[in-house]
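# Remarks on the overall topology
One letter stands for each residue in the lines below.
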Amino acid sequence: MIPPKHVAIIMDGNGRWGIKNKNSRNLGHKAGLKTVETIIRSSVKNNIKFLTLYAFSTENWKRPKLEIKFLMNLLETFLIEKINNLVNQGISLKVIGDLKKFPKKIQDQLINAQNKTKKNTKLKLILALNYGSKNELVHAFKILKKKRISVNEFNISNNLFTKNIPDPDFLIRTGNTHRLSNFLLWQLAYTELFFEKKLWPDFNNNDYNRILRNFRKIQRNFGRIK
Ligand code: FPP
């Protein structure tokens, strides 16, 4: 069994958790951030090398303005308060997605956080922000066309935001919904998929370890016979 290198997560269910427990979708996002921290620590412990979190999709701009503002503030707080913590844990931060729509202050903080952590090698934490897989593919094809590079699998992969990052070994989606929501469609071609009933703020270390154990039992053939 080859140990998993890359875990990708769709952190779904914050809104429902917030309404159910605090009568506020935003407080669900706040609780979701705690789970983010737990899963980052657990990934380091489990020697995972890449952790990709879907934090804001290209479609999330359709949410109410106040919810978007709350999510931006949460991201800002995370970047300000947790950056030293990330450095101390040996984590490097990378962002995938089109950041041009984000407030300038957050763009600068993201660039700063990526620079500050770039020498770290324990875990690469990849935040998907204003990320959409279709948008990423169009962006890659446009580069190939402009530079007159031939269209093949290697060249497409090499022009995605995830260049030089191995494809995810497994994907977790919480929140009892079975879809990919425009997340890493190219990169997930051979990824094992785990759909969890729990809402993201309720997802914990034991759940993560159980999925890791189940993943380790899977024989992955990548189209071959064993
Ligand atoms: C999906 O749940 C979750 C999001 C759109 C935001 C995820 C953000 C966080 C976990 C906190 C910020 C993270 C970082 C890394 C700073 P939903 O709102 O669609 O839930 P619902 O399906 O119950 O409505």
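See the structure printed just above.
These lines cover the structure that appears in this document, whether it is placed above or below. Not measured: the values here are computed from a predicted model. Residue numbers restart at each chain and count upward from 1, following the sequence in its written direction. In view of the model being predicted, local features appear only for residues whose pLDDT reaches at least 70, and side-chain atom pairs are presented and counted only at 80 or more, with totals across whole chains, interfaces and linings using the full set of residues. For the side-chain quantities, the full set of heavy atoms in the structure was used; hydrogens and water were omitted.

### With respect to the site of the ligand
Any residue with at least one heavy atom within 4 Å of a molecule or strand is counted as near it. Near the ligand, the surroundings consist of 19 residues, among which Asp12, Gly15, Arg16, Arg25 and Arg63 are the closest. Contact distances for the ligand include 3.2 Å between an oxygen atom and a backbone N or O atom of Gly13. At a separation of 3.1 Å, an oxygen atom of the ligand approaches a polar backbone atom of Gly15. Every accessible area reported is derived by Shrake-Rupley at a probe size of 1.4 Å, with residue values counting cover from the shown protein chains alone. Protein burial of the ligand: of its 630 Å² of free accessible surface, 91% is covered by the chains. Definitions used for this entry: grid spacing 1 Å over protein atoms alone; cavity, a set of points where a 1.4 Å probe fits but cannot get out; pocket, an open set with protein on both sides within 12 Å along at least 5 of 7 lines; lining residue, one with an atom within 4 Å of a point. Being in a pocket or cavity means that more than half of the molecule's atoms lie within 2 Å of its grid points. Most atoms of the ligand, that is more than half of them, are within 2 Å of grid points of the largest pocket. Mapped onto the shell around the ligand, the elements with two or more residues apiece are helix 1 (14-22), helix 2 (25-45) and helix 3 (65-88). Here the shell around the ligand is composed, by residue class, of nine nonpolar, six polar and four charged. Throughout this description, a polar contact denotes any pair of N or O atoms lying within 3.5 Å of each other; where both atoms belong to protein, one of them has to be capable of donating a hydrogen while the other can accept it, and for residues adjacent in sequence the pair is counted only when both atoms sit in side chains. Numbering goes from the N terminus for both helices and strands, where a helix is a DSSP run of H or I of at least four residues and a strand is a run of E of at least two. We call Asp, Glu, Lys and Arg charged. Ala, Val, Leu, Ile, Met, Phe, Trp, Tyr, Cys and Pro are nonpolar, and the rest, Gly among them, are polar.

### Examining the layout of surface pockets
Estimated volume of the largest pocket: approximately 720 Å³. Tallying contributions element by element places helix 2 first for the lining of the largest pocket, with six residues. Within the lining of the largest pocket, the residues separate by chemical class into 19 nonpolar, eight polar and seven charged. Grid points are joined across faces, edges and corners, and a volume is the space filled by probe spheres set on the points.

### Re the packing of aromatic side chains
The description of two aromatic rings rests on the distance between their centres and on the angle between their planes. Only centres within 6.5 Å qualify two rings of Phe, Tyr or Trp (six-membered ring in Trp) as a pair; their planes then separate them into stacked at under 30 degrees, edge-to-face at over 60, and tilted for everything else. One pass over the structure, following the stated rule, counts 10 aromatic pairs. Taking 5.6 Å as the distance between ring centres and 70° as the angle between the ring planes, the aromatic pair formed by Trp61 and Phe102 counts as edge-to-face. Taken together, the positions of Trp61 in the loop between strand 2 (50-57) and helix 3 and Phe102 in the loop between strand 3 (91-96) and helix 4 (104-117) put the pair 41 residues apart, joining distant regions of the chain. Classification of Trp61 as partly exposed rests on a relative accessible area of 22%. Each member of the aromatic cluster is reached from another via a ring pair, and the members are Tyr54, Tyr131, Phe161 and Phe183. Exposure classes here rest on a 1.4 Å probe applied to the protein chains alone. A residue is buried below 20% of its type maximum, exposed above 50%, and partly exposed in between.

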